[in-house]
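# Coordinates in review
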Amino acid sequence: GDLDKVVNLLLSLSGRLARVENVLSSLGENGSSEERSSLNEKRKLLAGQHEDARELKENLDRRERVVLEILGNYLSEEQLQDYQHFVKMKSALLIEQRELDDKIKLGQEQLKCLMESL
């Protein structure tokens with residue numbers, strides 16, 4: 001459960017941070033200093049939160065190594081490898097699911113804009 005939460009938190013913060021940085025870079029010279037300052041503050045806050053989430057992930061990874069060591073005393077080598085594969089695939093599938101959800105959301109937004117333009 002912790003793995004799900006931490007991976008989703010990292011993905012969410014990464015996405016939000018990327019969006020803020022994209023807006024900042026697209027402002028160019030046209031943006032007001034107030035708007036730029038607000039976005040920079042938001043970027044700093046998100047970067048700090050992202051770093052905190054990375055530390056949570058590192059702690060989770062350490063816990064996983066401890067659990068793996070304990071399981072090594074009780075499981076066969078094949079079972080241990082299955083467990084490691086499960087944990088790795090779970091993270092990969094969470095990331096893939098998030099990417100697909102984002103693509104679906106983008107497609108729905110584009111479809112809505114197309115329907116409105118007609």
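These figures come from a predicted structure and were not determined experimentally.

## Structural notes on the UniProt feature "domain: ASD2" (unreviewed entry) in the protein chain
Under the present numbering, the feature "domain: ASD2" (unreviewed entry) in UniProt falls on residues 1-118. From the first C-alpha to the last, residues 1-118 spans 45 Å; its make-up is 91% helix and 0% strand.

## Describing helix H2 (residues 33-72)
Taking 1.5 Å per residue as the helical rise, H2 with its 40 residues ought to reach 58 Å, and the 57 Å between its terminal C-alpha atoms agrees with that figure. All of the buried residues in H2 are Leu-39, Leu-46, His-50, Ala-53, Leu-60 and Leu-68. Turning to H2, the residues buried within the fold contact helix H1 (2-27) and helix H3 (77-117).

## A short note on the packing of H1 against H2
Close contact between H1 and H2 brings their axes to 9 Å; oriented N to C, the two are set at 155°. For the element pair H1 / H2, the angle class is roughly antiparallel. By crossing handedness, the relation of H1 to H2 is classed as left-handed. Here the contact of H1 with H2 is built from residues that sort into 16 nonpolar, four polar and 10 charged.

## Structural notes on the pattern of salt bridges
Here the structure, examined in full by the defined rule, presents three salt bridges. Across the pair Asp-2 and Arg-63 runs a salt bridge, and its minimum N-O distance is 2.6 Å. Taken together, the residues span a long stretch of sequence, with Asp-2 in helix H1 and Arg-63 in helix H2 at a distance of 61 residues. When its relative accessible area of 48% is taken as the criterion, Arg-63 is described as partly exposed. The salt bridge partner of Lys-90 is Asp-4, with a shortest N-O separation of 3.5 Å. With Lys-90 in helix H3 and Asp-4 in helix H1, this pair connects stretches of sequence that are 86 residues apart.

## Quick look at the environment of Ala-53
Within the secondary structure layout, Ala-53 lies in helix H2. By relative accessible area, Ala-53 is classed as buried at 1%. A C-alpha to C-alpha distance of 13 Å links Ala-53 and Leu-17, two positions 36 residues apart in sequence.

## A word on a nonpolar patch on the surface
A contiguous nonpolar surface patch, about 350 Å² in accessible area, is contributed by Val-66, Ile-70 and Tyr-74. Relative to the elements of secondary structure, Ile-70 occurs in helix H2.

## Focus: a positive patch on the surface
Taken together, Arg-16, Arg-19, Lys-42 and Lys-105 make up a surface patch of like positive charges. Here Lys-105 is to be found in helix H3.

## Some thoughts on the packing of H2 against H3
Interhelical geometry of H2 versus H3 gives an angle of 160° and a closest axis separation of 10 Å. Classified by the angle between their axes, H2 and H3 sit roughly antiparallel to one another. Two packed elements cross with a definite hand, and for H2 against H3 that hand is right-handed. For the pair H2 and H3, the contacting residues are Glu-64, Val-67, Leu-68, Leu-71 and Gly-72 in the first and Leu-80, Tyr-83, Gln-84 and Val-87 in the second. Across the contact of H2 with H3, the residue classes tally to six nonpolar, two polar and one charged.

Rules and cut-offs
- Residues numbered from 1 in each chain as written.
- Predicted model: local features only at pLDDT ≥ 70, side-chain atom pairs only at ≥ 80, totals over all residues.
- Heavy atoms only, no water.
- UniProt positions renumbered as here; feature names shortened; annotations may be inferred.
- Helix = DSSP H or I, 4+ residues; strand = E, 2+ residues; numbered from the N terminus.
- Expected span 1.5 Å × (residues − 1).
- Buried < 20%, exposed > 50% of the residue type's maximum accessible area, 1.4 Å probe, protein only.
- Contact = heavy atoms within 4.5 Å.
- Axes fitted to C-alpha atoms, helices over the stretch in contact; angles between N-to-C directions.
- Parallel < 35°, antiparallel > 145°, perpendicular 65-115°, else oblique.
- Left-handed = near helix turned anticlockwise from the far one by under 90°.
- Nonpolar A, V, L, I, M, F, W, Y, C, P; charged D, E, K, R; others polar.
- Salt bridge = Lys/Arg side-chain N within 4 Å of Asp/Glu carboxyl O.
- Patch = residues over 30% accessible without salt bridge, like charges linked within 9 Å, V, L, I, M, F, W, Y side chains within 5 Å.
- Areas by Shrake-Rupley, 256 points an atom, 1.4 Å probe, with all protein chains shown as cover.
- Lys, Arg positive; Asp, Glu negative; His and termini not counted.
- Charge placed at Lys NZ, Arg CZ, Asp CG, Glu CD.

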